[in-house]
Structure formats: structure tokens, C-alpha cells
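What follows is each chain in one-letter form.
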Amino acid sequence: MKPMIEYLEGTRLFAGISREDTGRLLSCLNAYPVEYAHDTVIIEEGSQVRAFGILLSGRGRSYKTDLDGNVLTVTLLNTGSEIGVILAASPNHPSPVSAAVERGSAVLFISYDSLMNSCARNCACHKRLIRNFTASVAQKGLVLHERLDCLLRPCARDKIMAYLKNASCPSAGGTFTVPLDRNAMAQYLNMDRSALSRELSKMKADGIMDFHKSTFRLLD
């Protein structure tokens, strides 16, 4: 349990909560970790979500499947990502997406009802956890808004520029590193990987940006 508690100390959900209080909360909330030996769907589209998770290790994604059977990636999940916090906060609403994790991933699950129903001791750390959860829901909403801002752009170049401006450093001309490789960036922007690479090369040739792998610099 100790290594997991030490890890959770650095997550947004347990920010400002001591290791001792984290251990007590995990026991109080009946939180449980699950390790996955295979690629696994942990939330199915149309299901009701009663527990949210923290990705302790590995990677995953949330996605939708359209009427033609095409899979559309909604969000990418990396170590430290919260899973299903918005869905758990709306337990009577069927999930509009599925979520899956890759082989070798581990997820800590926490019941939403256990979180919101404070124990008899009404601990300060429990109140802090609820505040952190509320902030996490708000942050998820902002992240989805940023992606929607990219997807609504009319052409590939505009989609890429919207994403890079969101990810860039505040200082003009500064270099910055995006957290996505080309495959992940293509999924995030709902683009073909080859089309993304071609457009990036054109934008570099046009003097709009410079880049090497995942490090970019926007040019005047």
C-alpha cells in the first residue's frame, strides 16, 4: 500500500492530503486497485458509472463508436489521469463514451457514493478530497472544451494551430513540448496520421513553426 500512497500524494485528487490521511481515506472509501493483464474496456458506452478511477500506471483512452462502427477517440489517458469523474458525478446518466486501458495498466477505483457520504468523523481530509474532486470535474470540463475548440476548426492547419497554441508556453517565441506523439496527436485531432505529418511539414516549410519530434516553436 505504501508505494501507492506515495504515488497518490502527487496526484491532483489527493493534493494537500498527507500520506497518513491518504491511507486512512483509502480504507474509509473502500478504494481498490485493479491490475490488467490484457487490453480491457473498463467503462462501456451506455452503462451507468458508480465509481471513478485514477490510472496508476499504463495508458488508455475514452472513445465513441459511430453508427458505421468507426471508433472515435475522445480523450487520451496517461499515468495520473482520472477516469470517469464526470460520469460518476452523474450516476443516473448513461455513459456517452467507453473507456479502455492497455495491457499492464493499473487503476485505483473509488466509489462516488463513498466519497460524497462523509464518515461519522467528518474528517477535514475527507472534505479536502471532495473539494479536489470538484476541482477535477471542472478541469475535465476545461480540457474537453480545449479539444472541442480544436475539432471545430474547419481545416487541418487550423486544428493543429489551435492545439499548439493551447499547449504553448506563454512567452513569445518559446519552445515547448507537447505530451502527445504523432499517433496520439492524430487521434486527438481526429486526423489521419499521414495527413497530420504532411501538414506539419508544410507548416514548417511555410515558416509558421519549427519542430523536432514533440518539441515545437511557433514563429512570427
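See the structure shown above.
Cut-offs applied
- Residues numbered from 1 in each chain as written.
- Predicted model: local features only at pLDDT ≥ 70, side-chain atom pairs only at ≥ 80, totals over all residues.
- Heavy atoms only, no water.
- Phe/Tyr/Trp six-rings, centres within 6.5 Å; stacked < 30°, edge-to-face > 60°.
- Helix = DSSP H or I, 4+ residues; strand = E, 2+ residues; numbered from the N terminus.
- Buried < 20%, exposed > 50% of the residue type's maximum accessible area, 1.4 Å probe, protein only.
- Pairing = 2+ DSSP bridges.
- Salt bridge = Lys/Arg side-chain N within 4 Å of Asp/Glu carboxyl O.

**Student:** Explain the packing of aromatic side chains residue by residue, including any values.
**Tutor:** Following the criterion strictly, the structure yields six aromatic pairs and no others. When the ring of Tyr163 is compared with that of Tyr188, the centres are 5.2 Å apart and the planes differ by 55°; the resulting orientation is tilted. Within this pair, whereas Tyr163 is found in helix 6 (residues 156-167), its partner Tyr188 is found in helix 7 (residues 182-188), the two being separated by 25 residues in sequence. Residue class for Tyr163 comes out buried when judged on its relative accessible area of 7%. An aromatic cluster is defined as three or more aromatic residues linked by ring pairs; in this entry it consists of Phe52, Tyr112 and Phe133.

**Student:** How would you explain the pairing of strand 11 (residues 215-218) if you had to name every residue and give the values?
**Tutor:** Where burial is concerned, the two faces of strand 11 differ: the one with Phe216 and Leu218 is buried and the one with Thr215 and Arg217 is not. Sheet topology note: the strand 9 (residues 175-177)/strand 11 ladder contains three bridges and is antiparallel. What sits directly across from Thr175, in strand 11, is Arg217. As paired strands, strand 10 (residues 209-212) and strand 11 are joined by four bridges and run antiparallel to one another. Of the residues in strand 11, the one forming a bridge with His212 is Thr215.

**Student:** Talk me through unusual backbone geometry; I want residue IDs and the actual numbers.
**Tutor:** Negative phi characterises most residues that are not glycine, and trans characterises most peptide bonds. A positive phi angle, near 55°, is found at Asn30, a position not held by glycine. Among the secondary structure elements, Asn30 is positioned in the loop between helix 2 (19-28) and strand 1 (32-35). Accessibility expressed as a relative area gives 57% for Asn30, which makes it exposed. Located in the positive-phi region is Lys213, a residue other than glycine, with phi close to 55°. With respect to the helices, strands and loops of the structure, Lys213 is situated in the loop between strand 10 and strand 11.

**Student:** I'd like a rundown of the pattern of salt bridges, residues and numbers included.
**Tutor:** Under the criterion given, the structure shown has eleven salt bridges. In this structure, Arg12 and Glu82 form a salt bridge, with 2.6 Å as the shortest nitrogen-oxygen distance. Of the two residues, Arg12 sits in the loop between helix 1 (2-8) and helix 2 while Glu82 sits in strand 6 (residues 82-83), which places them 70 residues apart along the sequence. For Arg59, the salt bridge is made with Glu102, and the minimal N-O distance between the two is 3.6 Å. With Arg59 in the loop between strand 3 (51-57) and strand 4 (60-65) and Glu102 in the loop between strand 7 (98-101) and strand 8 (106-111), this residue pair connects regions lying 43 residues apart in the sequence. Using a relative accessible area of 34% as the deciding quantity, one classes Glu102 as partly exposed. Here the salt bridges do not stand alone but share partners, grouping Glu6, Glu9 and Arg19 into one network.

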